[in-house]
Amino acid sequence: MVSLSFSNISKSYTKGKKALNRVSFSYDGNGILALIGRNGAGKTTLIRILATELMPDSGTASIDGIDLIKDPDRVRGDMSIVPQEARTIGWLTPAQNITTYLLYRGLSYKEASLRALKAMEEVGISEYKDTVTRKLSGGTKRKTLVAMILASESRLIFLDEPTTGLDPISREELWNVLNKLKKDRLIVLTTHYLEEAERLADRICVIEDGKLMAHGTMDELRMKIRYQYSIRLPANSYRPRARGRLVRGTDGGMQILTDEQEAFRVSKELIKKGIRFSSNPVSLEDIFYFIVKKSIDRDDKEGNYDEW
Ligand SMILES: Nc1ncnc2c1ncn2[C@@H]1O[C@H](COP(=O)(O)OP(=O)(O)O)[C@@H](O)[C@H]1O
Ligand SMILES: [Mg+2]
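Computed from a prediction, not measured in an experiment: that's the story for all the values here.

Engineer: Just to check I follow, could you spell out the site of ligand 1 for this structure?
Structural biologist: Surveying the vicinity of ligand 1 reveals the residues Tyr13, Lys17, Ala19, Arg38, Asn39, Gly40, Ala41, Gly42, Lys43, Thr44 and Thr45. Alanine 41 is positioned with one of its backbone polar atoms (N or O) 3.2 Å from an oxygen atom of ligand 1. Side-chain polar atom of threonine 45 to an oxygen atom of ligand 1: 2.5 Å apart, as the coordinates give it. When ligand 1 sits alone it has 550 Å² of accessible area, and the protein chains cover 61% of it. Among the elements of the structure, strand 2 (17-28) and helix 1 (43-50) are those that each provide at least two residues to the shell around ligand 1. Of the residues contributing to the shell around ligand 1, the split by class is 3 nonpolar, 5 polar and 3 charged.

Quick look at the structure:
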């Protein structure tokens, strides 16, 4: 179990513009903590500060009570990071990439080789262990990087956009690996794929313009916004009267965002009328739009039901 805590972290790269502005959060336990936000929001800056790669201008941060800004050497042995721009060494095999990394971390060759084999098995890349990584798919290369830090046996792992650029199948495979690994460690990952955070994360931090806008589990985030339910109707469908917000898709389909009680009432009406629809709790994408873009540009002003 890991206890990660940071308070009032600020960082500017250039005068005036804050990449991070007094960000505070704490988390106890194993699992996956997702930092979500658009490009430039400050995710990488935060992850690099927590991984002791970058000094903040102000603020405090600790892991299991140890100050990671003042005493980075005491926590580094317990953590590993795969940076956003990380690549495997192309002319080395996965086994060699992992072993080399472990040798750098101070392990013996024997121990490093054993751990490399075990880690490759855990992430499911054993069959490629002797193929140079430049000949492997993007997904297998990314899994090699995950196996590398897994083999370090760190309790705290930072992954900066681990699935960006991967095809949907490789992404799904990596999700399965991370889901397995989170059981006995804390994985902090950044992503701008909201579906990924929704599928994987035990806790989500929404970052926008250097600020922590909201945090919590999916259910907690849902409760922070005005509407908790989404009803979808196909294009040219009957439009029920409802209290909430109407969003029109580019295909003409309608989405009504509303509260639980109203969703129930509208659903009953639609069933009675025999109209095809779906009703679900709002997705992280809906929540993100509410939190980050309070007035949504995809909102249909004319059809806005707010005044009902
Ligand atoms: N090395 C750097 N020098 C100057 N500005 C930077 C540097 N790294 C990031 N920034 C700026 O800081 C802000 C946050 O960036 P970053 O943390 O990389 O965001 P994210 O990872 O969410 O895309 C952005 O405005 C970005 O342009
Ligand atoms: Mg980034």
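Engineer: Where do I start with helix 5 (residues 138-151) in this structure?
Structural biologist: For an α-helix, 3.6 residues make a turn, and residues three or four places apart therefore share a direction. Over its 14 residues, helix 5 extends 20 Å from the first C-alpha to the last, a length consistent with the 20 Å expected when each residue adds 1.5 Å. Of all 14 residues that make up helix 5, 11 are buried, and the element is covered over most of its length. Burial in helix 5 covers these residues: Gly139, Thr140, Lys143, Thr144, Leu145, Val146, Ala147, Met148, Ile149, Leu150 and Ala151. Of the surrounding secondary structure, the elements contacted by the buried residues of helix 5 are strand 6 (79-82), helix 3 (94-104), helix 4 (109-123), strand 7 (156-160) and helix 6 (168-181). Looking one or two residues past helix 5, glutamate 153 carries a phi angle of roughly 60°, positive in sign.

Engineer: Please clarify how the sheet that holds strand 4 (residues 58-63) should be interpreted in this entry.
Structural biologist: Hydrogen bonds between backbone atoms are what pair the strands of a sheet, whose relative direction is either parallel or antiparallel. One open sheet holds the 4 strands; their spatial order is 2-1-4-5, and the pairing between them is antiparallel. With partners counted over all chains shown, the strands left at the sheet margins are strand 2 and strand 5 (66-67), one partner each. Where strand 1 (residues 3-14) lies against strand 2, 8 bridges are found, and the strand directions are antiparallel. Note that in strand 2 the partner of isoleucine 9 across the bridge is valine 23. Sitting on the sheet, helix 1 is in contact with strand 1, strand 2 and strand 4, with an inclination near 120° to strand 1.

Engineer: What is the right way to look at the side chain of glutamate 196 in this model?
Structural biologist: Relative to the helices and strands, glutamate 196 resides in helix 7 (residues 194-200). Here glutamate 196 is buried and forms no salt bridge, its nearest opposite-charge partner arginine 171 lying at an N-O distance of 4.2 Å. When sequence neighbours within four positions are dropped, the list of residues in contact with glutamate 196 reads Pro162, Thr163, Arg171, Trp175, Leu189, Thr191 and Ala201.

Engineer: What is the right way to read the domain arrangement of the chain from this model?
Structural biologist: Interfaces are often described in size by the accessible area the parts lose on coming together. The domain architecture assigned to the chain consists of domain 1 (3-222) and domain 2 (225-292). Between the C-alpha centres of domain 1 and domain 2 there is a distance of 36 Å. Between domain 1 and domain 2, the residue contacts involve 14 residues of the former and 12 residues of the latter. Carbon and sulfur atoms make up 78% of the surface buried where domain 1 meets domain 2, a total of about 1100 Å² over both sides.

Rules and cut-offs
Residues numbered from 1 in each chain as written. Chains lettered and ligands numbered in written order. Predicted model: local features only at pLDDT ≥ 70, side-chain atom pairs only at ≥ 80, totals over all residues. Heavy atoms only, no water. Near = heavy atom within 4 Å. Polar contact = N/O pair within 3.5 Å; in protein donor to acceptor, adjacent residues only side chain to side chain. Areas by Shrake-Rupley, 256 points an atom, 1.4 Å probe, with all protein chains shown as cover. Helix = DSSP H or I, 4+ residues; strand = E, 2+ residues; numbered from the N terminus. Nonpolar A, V, L, I, M, F, W, Y, C, P; charged D, E, K, R; others polar. Expected span 1.5 Å × (residues − 1). Buried < 20%, exposed > 50% of the residue type's maximum accessible area, 1.4 Å probe, protein only. Contact = heavy atoms within 4.5 Å. Pairing = 2+ DSSP bridges. Axes fitted to C-alpha atoms, helices over the stretch in contact; angles between N-to-C directions. Lys, Arg positive; Asp, Glu negative; His and termini not counted. Salt bridge = Lys/Arg side-chain N within 4 Å of Asp/Glu carboxyl O. Domains from an automatic or database assignment. Buried area = accessible area lost by both parts, 1.4 Å probe.

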